[in-house]
Amino acid sequence: MKRDEMELSNARLLALLQETEAADLAVLREYNLPEAPEALPEELVAAILQHGSHDVKRHFSGMPSYLQLVRDVAKTLQISWTEEETEAELEQRIYLQVFHQAVEQLSLDEKEPLRQLLAKEGANAEDVERLFLEGTLRHFLPAVGYLVSWNVARLVATAFAREAGAGLLGEGVAAAWLGPLGLALGALVVGWDLAGPAYRKTIPTVVQIAYLREKARRGKEAGKGERVKQHEKESD
């Protein structure tokens, strides 16, 4: 991917954070700038890249772009990527991989609330089973509706926030799975520390940003649905 695209990934991240609600930004600040609870989006982007540079600087000269940071996180999680993939596409594969690794450690009883939550959101039962069983789900992604991907991002991001003491993301998330999933994620974090201390910040950060991107996508999809309903109503 060209250098221009690398730099554009920073601009896209800044644009996303500038449109993000204060409560969601607070979680990112807790991960990256806990001493500056009022930090602006521009300052937050700089801190995210600075923390990422602790691990990617051995591969790149100067401050890395956000896309480079995401690629490095993907490599740590043993996710291969192509030059054509954007940071948004890689983010999705990262949180699905984290979800799968954590869920593998849960018992059948501990998985059940997750299944129920996804079913409640309208996910197809067969899709949910594939979500639990099929590794990184790379080939499954095109078939996953935004409600499924949104909820998986929300599950992982909320569990990370809880474990970090950064508060819950709320929005009706059932508490039943937070303990088991949080413990499973905690075990993964220990392994990430062995790969490099900065990953304790960068991996939850990338997952939180993925959640924010999915949340924005969800808002657009919901808005599109409302416009269609309004058009149909006016046509009657």
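Going by the structure above, here's the rest.
Residues numbered from 1 in each chain as written. Predicted model: local features only at pLDDT ≥ 70, side-chain atom pairs only at ≥ 80, totals over all residues. Heavy atoms only, no water.

### Some remarks on the overall build of the protein
Stated precisely, the cut-off is as follows: In DSSP terms, a helix is any run of H or I states spanning at least four residues, a strand is any run of E spanning at least two, and both are numbered starting from the N terminus. Under the scheme applied here, a residue whose accessible area is under 20% of the maximum for its type counts as buried, over 50% as exposed, and between as partly exposed, the area being computed with a 1.4 Å probe on protein chains only. Any pair of residues with heavy atoms lying within 4.5 Å of one another is described as a contacting pair.
Along its length, the protein carries 10 helices and zero strands. For the protein, the N- to C-terminal ordering of α and β elements is α-α-α-α-α-α-α-α-α-α. The buried share of the protein, reckoned over its 236 residues, is 47%. Put simply, 62% of the contacts in the protein that link residues at least 6 apart link residues at least 24 apart.

### What about the nonpolar core?
The condition is simple: Among buried residues, those of type Ala, Val, Leu, Ile, Met, Phe, Trp, Tyr and Cys that are joined through side-chain atoms within 4.5 Å constitute a nonpolar core.
Counting residues in hydrophobic clusters, the biggest one holds 52 residues, and the most contacted among them are Leu 17, Tyr 66, Val 73, Ile 94 and Val 98. The element best represented in this core is helix α8 (residues 146-163), accounting for nine residues. Excluding its chain neighbours within four sequence positions, the residues that come into contact with Ile 94 are Val 70, Val 73, Ala 74, Leu 77, Ile 79, Val 206 and Val 207.

### Quick look at unusual backbone geometry
You will see that Gln 78, though not glycine, has its phi angle at about 60°, which is positive. Considering the arrangement of structural elements, one finds Gln 78 in the loop between α4 (66-76) and α5 (87-103). A relative accessible area of 73% places Gln 78 in the exposed class.

### Some thoughts on α5
This is how the line gets drawn: By this rule, a helix spans an expected 1.5 Å times one less than how many residues it contains.
Between the first and last C-alpha of α5 there are 24 Å, a value that for 17 residues agrees with the 24 Å anticipated at 1.5 Å per step. With respect to burial, α5 is a largely interior element, 15 of its 17 residues being buried.

### Some details on the packing of α4 against α5
Each packed pair of helices is defined by two parameters, the angle between the axes and the distance between the axes. Heads up, the condition is: Angles here are taken between N-to-C directions and fall from 0 to 180 degrees, while the axes themselves are lines fitted to C-alpha atoms, restricted in helices to the stretch in contact. In this scheme, roughly parallel covers angles under 35 degrees and roughly antiparallel covers those over 145, while 65 to 115 is roughly perpendicular and the rest are oblique. Crossing handedness is defined as follows: a turn of the near helix away from the far one that is anticlockwise and smaller than a right angle gives a left-handed crossing, while the clockwise case is right-handed. Amino acid classes used here: Ala, Val, Leu, Ile, Met, Phe, Trp, Tyr, Cys and Pro are nonpolar; Asp, Glu, Lys and Arg are charged; the rest, including Gly, are polar.
Their axes nearest at 10 Å, the elements α4 and α5 cross at an angle of 25°. Accordingly, the angle class assigned to the pair α4 and α5 is roughly parallel. Our pair here, α4 against α5, has a crossing hand that is left-handed. Facing Tyr 66, Leu 67, Val 70, Arg 71, Val 73 and Ala 74 of α4, the residues of α5 in contact are Glu 87, Leu 90, Glu 91 and Ile 94. When its residues are assigned to classes, the contact of α4 with α5 shows seven nonpolar, no polar and three charged.

### As for the layout of surface pockets
Note the threshold: Both site types are read off a 1 Å grid over the protein atoms alone. A 1.4 Å probe that fits but cannot get out defines a cavity, while an open set with protein on both sides within 12 Å along at least five of seven lines defines a pocket; lining residues have an atom within 4 Å of a point. Grid points are joined across faces, edges and corners, and a volume is the space filled by probe spheres set on the points.
Empty space within the largest pocket amounts to approximately 450 Å³. Contributing to the lining of the largest pocket are 24 residues, with Leu 212, Arg 213, Glu 214, Ala 216 and Arg 217 lying nearest its centre. Tallying contributions element by element places helix α10 (residues 199-235) first for the lining of the largest pocket, with eight residues. Its residues assigned to classes, the lining of the largest pocket comprises eight nonpolar, two polar and 14 charged.

### Points about the environment of Glu 104
Tracing the sequence through the fold places Glu 104 in the loop between α5 and α6 (108-120). The sequence separation of Glu 104 and Ala 184 amounts to 80 residues, and the corresponding C-alpha distance is 8.7 Å.

### A closer look at the side chain of Glu 214
To keep things clear, this is the line we draw: Two N or O atoms form a polar contact when they lie within 3.5 Å of each other; inside protein one atom must be a possible hydrogen donor and the other a possible acceptor, and for residues adjacent in sequence the pair counts only when both atoms belong to side chains.
As for its placement among the helices and strands, Glu 214 is situated in helix α10. When its relative accessible area of 7% is taken as the criterion, Glu 214 is described as buried. Engagement of the side chain of Glu 214 in a polar contact is seen with the side chain of Gln 92, the distance being 3.3 Å. Once residues within four sequence positions are removed from consideration, Glu 214 is found in contact with Gln 92, Tyr 95, Ser 149, Trp 150 and Ala 153.

### A few points about α6
Formally: What the arc describes is the spread of directions from the helix axis to the C-beta atoms.
The end-to-end C-alpha distance of α6, which contains 13 residues, comes to 18 Å, matching closely the 18 Å that a straight helix rising 1.5 Å per residue would cover. For α6, the set of buried residues is Lys 111, Leu 114, Arg 115, Leu 117 and Leu 118. Considered in projection along α6, the buried side chains sweep an arc of 160° and stay on one side of the axis. For α6, exposure combined with an orientation more than 90 degrees from the buried face picks out Asp 109 and Lys 120. Downstream of α6 by a residue or two, Gly 122 has a phi angle that is positive, lying close to 95°.

### Some words on the pattern of salt bridges
Heads up, the rule is: Put simply, a salt bridge is a Lys or Arg side-chain nitrogen that is within 4 Å of an Asp or Glu carboxyl oxygen.
Counted according to the given criterion, the structure contains seven salt bridges. A salt bridge links Arg 93 to Glu 85; its shortest N-O distance comes to 2.7 Å. Here the residues in one salt-bridge network are Glu 21, Asp 24 and Lys 215, joined through shared partners.

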